[in-house]
Amino acid sequence: MTGPVVIVGAGPVGLTAALLLARRGVECLVLERHPAPYPLPRAVHLDGEAVRILQEIGIADEFGRISRPMPGLRLVDGGLGTLAEFRRENTVGYCGHPDASMFDQPDLEALLGDAADRSPQVVIRRRAELTGVVHHGSGAHVDYEYDGRCHQVHAAAVLGCDGAKSTVRAALDVGVRDLGFTEPWLVVDVRSPKPLRMWEGVHQVCAARRAATFMHLVGDRYRWEFRILDTDDITELTSPAGLATLLAPWRLAVDELDVVRLATYTFQARVAERWRERRVFLLGDAAHQTPPFIGQGLGSGLRDAHNLAWKLVHVLRGAADDGLLDTYQFERQPHVIRLIREAILVGWALTGGGGRGAAFRRPLVRGLCRLPALDRLALTPASPRLRLGVRSRGSRLVGRLCPQPRSARAAAWFDDTLGDEFALLTLDPPPSAAARSANLAVVPIEPDGPLGRWLRGAGARAVLVRPDRVICATARRPADVDRLLSVPVRTLHQTESLCGVR
């Protein structure tokens with residue numbers, strides 16, 4: 001490996017990518033054009049899978065202290081009358097963390113920044129402006145301006161984590177595919193010296209005229225989002241009188257609220273056509289943008305970093321060839337597109353269709369809420385299965401996350417037993433010599449424990465788990481366990497050789 005990995009953008013995705021790589025001994029240079037972290041709230045929700053990624057970089061406990069579990073979703077009409085309510089009873093989900101956590105992005109960025117400052121492998125340069133990226137050999141030359149001078153570094157790889165207006169994407173001349181959703185919304189973030197008396201879950205206002213969302217974030221921070229109508233005058237809408245009109249259904253003393261941010265946003269659904277060009281990659285909003293209706297914007301960016309980091313490390317160390325890097329977009333793009341389409345569908349169902357659409361939405365919502373499975377679908381959404389290859393359809397576990405059960409008395413996370421490489425979870429431990437030759441962690445599973453019941457319920461005796469906790473192969477019989485150990489890392493992108501064992 002020659003040179004550091006250069007990461008453009010010191011937001012949550014860029015810093016998470018840097019910390020995942022640093023954990024594996026890779027030096028990272030993070031270039032950020034702004035002089036300091038963005039001080040205003042943006043992302044406010046992470047699911048359990050995303051928090052599990054924060055766990056891997058060592059800040060899950062700290063995140064737990066700056067966040068709170070979100071107890072569910074309430075659908076209300078324009079007068080805030082309840083149409084339906086979905087309550088989340090369990091505090092720990094499939095990944096060992098709450099299925100939904102509310103937080104304030106500046107708090108998260110502070111945690112990530114502190115972790116990066118503690119890492120000897122990570123250097124952050126703020127007020128650094130990217131001016132060019134040129135492919136060179138097995139890496140790239142990166143030009144940037146910093147401290148009044150021009151600099152150039154030879155990078156082993158370049159990660160564009162620099163947002164929807166990505167300079168890295170522009171340098172690669174990568175087009176963007178529009179998935180057919182564009183809506184302007186007004187976002188209002190406030191602090192309240194007095195706790196607002198209301199349910200602690202998210203409120204979705206299914207109003208005929210103006211759809212809206214309201215949520216308590218953490219502490220004294222609250223957020224409203226209002227759809228902007230074609231007839232709105234933005235100056236009037238954002239004036240003190242306009243804001244008082246918007247907040248009137250909540251019967252608040254608006255003059256007692258501290259408005260932290262009042263901003264208009266265009267919610268979009270877009271995906272970059274290419275996420276990789278040789279050793280240059282796009283992650284997060286540089287690769288995709290989604291409407292916020294299912295809270296998966298930032299989480300999708302963290303999944304990008306988790307998926308790419310271990311693959312890049314294996315290639316840089318010579319443990320796998322460049323073909324493994326092709327699986328980054330192959331796996332992540334369909335996953336993201338499915339989540340974006342789900343967000344569009346949910347957005348239409350809950351906020352779309354004024355006039356005649358609103359007339360049938362109320363009975364439709366009430367009818368759907370009588371379905372017995374809807375609570376589970378609304379409160380515990382399953383992450384789409386990664387497409388590892390055409391043969392991965394032979395096992396319903398391949399492409400899915402390994403669960404991480406955790407009890408209140410557990411002293412350590414289960415993932416800590418898996419390490420940073422591949423791990424074999426098995427009810428039938430293989431011969432120790434085979435495990436040593438495969439250079440992976442072998443984790444015996446108790447048949448009557450939660451993971452044992454999960455394995456047996458899926459008809460498996462063992463599963464091979466990747467460093468990003470995705471199951472990449474299964475064994476149905478004890479005799480097949482040794483075959484799992486024979487799958488070399490360098491052929492992981494050849495999905496036929498990997499998924500043939502089920």
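Okay, so let's go over this structure. Once a new chain begins, its residue numbering starts again from 1 and follows that chain's sequence as written. Totals for whole chains, interfaces and linings use every residue, but because this is a predicted model, local features are given only for residues with pLDDT of at least 70 and side-chain atom pairs only at 80 or more, for both listing and counting. Computation of side-chain values: all heavy atoms of the structure, hydrogens and water removed.

Another point: the overall build of the protein. Counting secondary structure elements, the protein contains 15 helices and 24 strands. Working definition: with a 1.4 Å probe on protein chains only, accessible area under 20% of the residue-type maximum means buried, over 50% means exposed, and in between means partly exposed. Counting the 502 residues in the protein, one finds 55% classified as buried. Residues count as neighbours in contact if any of their non-hydrogen atoms are within 4.5 Å of one another. Relative to all contacts within the protein whose residues are 6 or more apart in sequence, the contacts with residues 24 or more apart total 70%. Computed with a 1.4 Å probe, the accessible areas rest on the Shrake-Rupley method; for each residue, only the protein chains presented here act as cover. Carbon and sulfur atoms form 51% of the exposed surface of the protein, whose accessible area is close to 22000 Å². By the criteria applied, helices consist of DSSP H or I runs no shorter than four residues and strands consist of E runs no shorter than two, each listed in order from the N terminus.

Below, the discussion takes up the nonpolar core. The term nonpolar core refers to a set of buried residues drawn from Ala, Val, Leu, Ile, Met, Phe, Trp, Tyr and Cys, joined through side-chain atoms within 4.5 Å. Judged by nonpolar contacts, the single largest core of 102 residues is most densely connected at Val5, Ile7, Leu21, Leu46, Leu108 and Leu159. By residue number, the principal contributor to this core is helix 8 (residues 297-316), which donates ten residues. With residues near it in sequence (within four places) discarded, leucine 159 still touches Val5, Val6, Ile7, Val8, Ala17, Leu21, Phe281, Leu283, Leu308 and Leu312.

The subject of this paragraph is the sheet that holds strand 24 (residues 471-475). Pairs of strands are assigned from DSSP output, requiring at least two bridges between the strands. Spatially, the four strands line up as an open sheet ordered 22-21-23-24, and their pairing is mixed. For this open sheet the edge positions go to strand 22 (441-444) and strand 24, each flanked by a neighbour on one side alone. Direction aside, neighbouring strands of the sheet carry axes that sit 20° apart on average. Two strands pair when backbone bridges link them, and strand 21 (residues 423-426) and strand 23 (residues 462-465) are joined in this way by four bridges, in the antiparallel orientation. Bridge pairing in strand 23 places leucine 425 opposite valine 463. Lines are fitted to the C-alpha atoms to define the axes, a helix being fitted only along its stretch in contact, and any angle between axes, read from their N-to-C directions, falls within 0 to 180 degrees.

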